[in-house]
Number of protein chains: 2
Amino acid sequence: MRVHFVTLFGLKEELVHSNLSETIINRLSIYMHYLSKQDEGGKKLVSPYDIAQVCGVKAGLVRKDLARFGRFGIKGVGYYVTDLLQGIKSIFGLDRKLHVAIIGRHNIGLYFLSFKGFLNGNYEIVAVFDTKPEIAVRSLTSEITRSVDILHITCLKEVAKIRKIDIAIINTIPSEAQDVVSQVVKGGIRGILNFTPSYVKVPRGFIAKNIQFAAEQDSLVYLLKS
Amino acid sequence: MRVHFVTLFGLKEELVHSNLSETIINRLSIYMHYLSKQDEGGKKLVSPYDIAQVCGVKAGLVRKDLARFGRFGIKGVGYYVTDLLQGIKSIFGLDRKLHVAIIGRHNIGLYFLSFKGFLNGNYEIVAVFDTKPEIAVRSLTSEITRSVDILHITCLKEVAKIRKIDIAIINTIPSEAQDVVSQVVKGGIRGILNFTPSYVKVPRGFIAKNIQFAAEQDSLVYLLKS
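Residues numbered from 1 in each chain as written. Chains lettered and ligands numbered in written order. Predicted model: local features only at pLDDT ≥ 70, side-chain atom pairs only at ≥ 80, totals over all residues. Heavy atoms only, no water.

1. Observations regarding the interface of chain A and chain B
- Between chain A and chain B, the contact holds 60 residues from the first and 60 residues from the second.
- Summed over both sides, the interface between chain A and chain B buries roughly 5,400 Å², with carbon and sulfur atoms accounting for 66% of that surface.
- Taken together, the links from chain A to chain B amount to two salt bridges.
- The salt bridge partner of Lys209 of chain B is Glu216 of chain A, with a shortest N-O separation of 3.0 Å.
- For the interface between chain A and chain B, the tally reads 14 residue pairs in polar contact (both at pLDDT 80 or more).
- In terms of residue count, helix 11 (residues 213-225) of chain A provides more of the side of chain A that touches chain B than any other element does, 13 residues in total.
- By residue class, the composition of the side of chain A that touches chain B is 37 nonpolar, 15 polar and eight charged. (Contact = heavy atoms within 4.5 Å. Buried area = accessible area lost by both parts, 1.4 Å probe. Salt bridge = Lys/Arg side-chain N within 4 Å of Asp/Glu carboxyl O. Polar contact = N/O pair within 3.5 Å; in protein donor to acceptor, adjacent residues only side chain to side chain. Helix = DSSP H or I, 4+ residues; strand = E, 2+ residues; numbered from the N terminus. Nonpolar A, V, L, I, M, F, W, Y, C, P; charged D, E, K, R; others polar.)

2. Considering the relation of the copies chain A and chain B
- Rotating chain A by 180° and translating it 0.0 Å along the rotation axis places it on chain B, where the RMSD comes to 0.0 Å. Taken together, the rotation and translation describe the operation of a two-fold axis.
- Of all interface residues in chain A, 100% are interface residues in chain B too; the two copies therefore contact each other through one and the same surface. (Least-squares fit on C-alpha atoms with pLDDT ≥ 70 in both.)

3. Focus: the nonpolar core
- Formed by 89 residues in total, the largest nonpolar core has its most connected members in Leu28 and Leu66 of chain A together with Leu28 and Leu66 of chain B.
- Discounting residues that sit within four places of it in the chain, Leu28 of chain B has contacts with Leu20, Leu66, Phe69, Ile88, Ile91 and Phe92 of chain B. (Core = buried A, V, L, I, M, F, W, Y, C linked by side-chain atoms within 4.5 Å. Buried < 20%, exposed > 50% of the residue type's maximum accessible area, 1.4 Å probe, protein only.)

4. Remarks on helix 2 (residues 48-55) of chain A
All names here are of chain A.
- Buried within helix 2 are the following residues: Pro48, Ile51, Ala52 and Cys55. Buried residues along helix 2 cover an arc of 100° about the axis, so they all sit on one side. Exposed residues lying more than 90 degrees from the buried face of helix 2 are Tyr49 and Gln53.
- In this structure, the buried side of helix 2 is in contact with helix 1 (22-40), strand 3 (45-46), helix 3 (59-67), strand 5 (78-80) and helix 4 (81-92). (Arc of directions from axis to C-beta.)

5. Overview of helix 1 (residues 22-40) of chain B
- Across its 19 residues, helix 1 of chain B extends 27 Å between first and last C-alpha, which sits within 8% of the 27 Å expected from 1.5 Å per residue.
- Buried within helix 1 of chain B are the following residues: Ile24, Ile25, Arg27, Leu28, Ser29, Ile30, Tyr31, Met32, Tyr34, Leu35 and Gln38 of chain B.
- On its buried face, helix 1 of chain B is in contact with helix 11 of chain A together with strand 3 (45-46), helix 2 (48-54), helix 3 (59-67) and helix 4 (81-92) of chain B. (Expected span 1.5 Å × (residues − 1).)

6. Quick look at the confidence of the model for chain A
- Of the residues in chain A, 80% have a pLDDT of 70 or more, and the chain-wide mean is 80.
- The low-confidence segment residues 1-18 of chain A (pLDDT under 50) makes 50 contacts with residues lying over four places distant or belonging to another chain. (pLDDT = per-residue confidence, 0-100.)

7. Points about the packing of aromatic side chains
- In total, this model carries two aromatic pairs over all chains according to the counting rule given.
- Look at Tyr222 of chain A and Phe92 of chain B: their rings are 6.2 Å apart centre to centre, the planes differ by 75°, and that puts the pair in the edge-to-face class. Remark: Phe92 of chain B occurs in helix 4 and Tyr222 of chain A occurs in helix 11; the pair is interchain, linking two chains. Across the pair, exposure class does not vary: Tyr222 of chain A and Phe92 of chain B are buried alike. (Phe/Tyr/Trp six-rings, centres within 6.5 Å; stacked < 30°, edge-to-face > 60°.)

8. Describing the sheet that holds strand 11 (residues 207-210) of chain B
Residues and elements named next belong to chain B.
- Within the open sheet, the six strands sit side by side as 8-7-6-9-10-11. Their pairing is parallel. Single-partner strands in this sheet number two, and they are strand 8 (150-152) and strand 11. Averaged over all pairs of adjacent strands, the angle between strand axes in this sheet comes to 25°, irrespective of strand direction.
- Sheet topology places strand 7 (residues 123-130) next to strand 8; three bridges connect them, and they run parallel. Bridge pairing in strand 8 places Val128 opposite Ile150. (Pairing = 2+ DSSP bridges. Axes fitted to C-alpha atoms, helices over the stretch in contact; angles between N-to-C directions.)

9. Considerations on the sheet that holds strand 4 (residues 73-74) of chain A
Residues and elements named next belong to chain A.
- Strands sit in the order 3-5-4 across an open sheet of three strands; the sheet is antiparallel. The open sheet terminates on both sides in strands that have one partner only, identified here as strand 3 and strand 4.
- Here two bridges tie strand 4 to strand 5, and the two strands are oriented antiparallel to one another. If you follow Gly73 over to strand 5, its bridge partner there is Tyr79.

10. Description of the environment of Ala59 of chain B
All names here are of chain B.
- Along the chain, Ala59 falls in helix 3.
- Of the residues examined, Ala59 reaches a relative accessible area of 9% and is grouped as buried.
- For the pair Ala59 and Ile88, spaced 29 residues apart in sequence, the C-alpha separation works out to 17 Å.
- Leaving out residues up to four positions away in the same chain, Ala59 has contacts with Pro48, Tyr49 and Ala52.

Here it is, written out as structure tokens:
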């Protein structure tokens, strides 16, 4: 993968980086959300120690993570918040807001819709789909229904194109998950976050992340026992 | 870590296994939930191909994963569902039902309470705590409030001991997460799943998993771009 961005020193650099581990990507994501908050609060500079604290790692690791992508920091001064934030956003491809659709009215979808860090961040929820929109609309607060339409699932393909949906969050009953994903694929939505316990498959060129709550819980128990 | 269990052939084996990667633990968890369903449905035997399909891996990997823990399968026959299920439960320390408390009324908690695979499985929700139980009770369905008390957060320490709570699921507003975790620790609850976007710390002997939804979403975007 090729990433283009401008470093603090105004030098255009081109970095080739592939196979970043999921652990590093997760840390970069946490750094990004922290920097975003600092930026909103008007903070200009942060130290690697400040960043390290928000995700429970050592400052040296933060320095190492960020050094992979160019010279973001100035020794003895720290990192410029805005520049570092823009740099990390570039790494993720979040230079523009991505369009998200929530499919299904089950509780995790409500969580997303009510999670302000999600709505106000790099993503915008542009539609909610359900097999029974009239029931879904009653589950949502008026704050949400004012800003997002609840549409019938049969409109998915058309709406996906018109509203340029990048990501679908699957939140149906488990037995419907694969069917819905097939419709999502037909609609050309390339990214899928599946929050149902059913494993879903996608063809080449599409990416589905199957989020397994039960596995998180079980692995906690495993660690407790060890 | 030492795991004792009886293999298919009735031989008591002692395995020393430490540092199992999270990826393997997650797969074992998925195998376990699949086997549990098959067992409920009365199925006696499964093949590695059956198991492989539920989590999108190859049968060879399933065989390899299971071979780490003893001889569960019989060549040309497959795996005996009940034995394999019990074996994996032993690995996780799920020989008994674990007691779970949900703290905070935000939506992810409702998701857990409504997720049948969660309630009927290896875990039992024995209490819900909130700073405003009278509001929390209104957010929950009658099916849940019939079976679980909603208690004030100040009762946490006492109730944790009486009901032998193993795991706390943190589901408060982000700014309250660390305070609540400190109370959980005082109550002697060793395992914590933190679903708020705030990173929480615990002292030695306790384990907190910080589940970062935003990171899942961001890493999907990173993969889409790559």
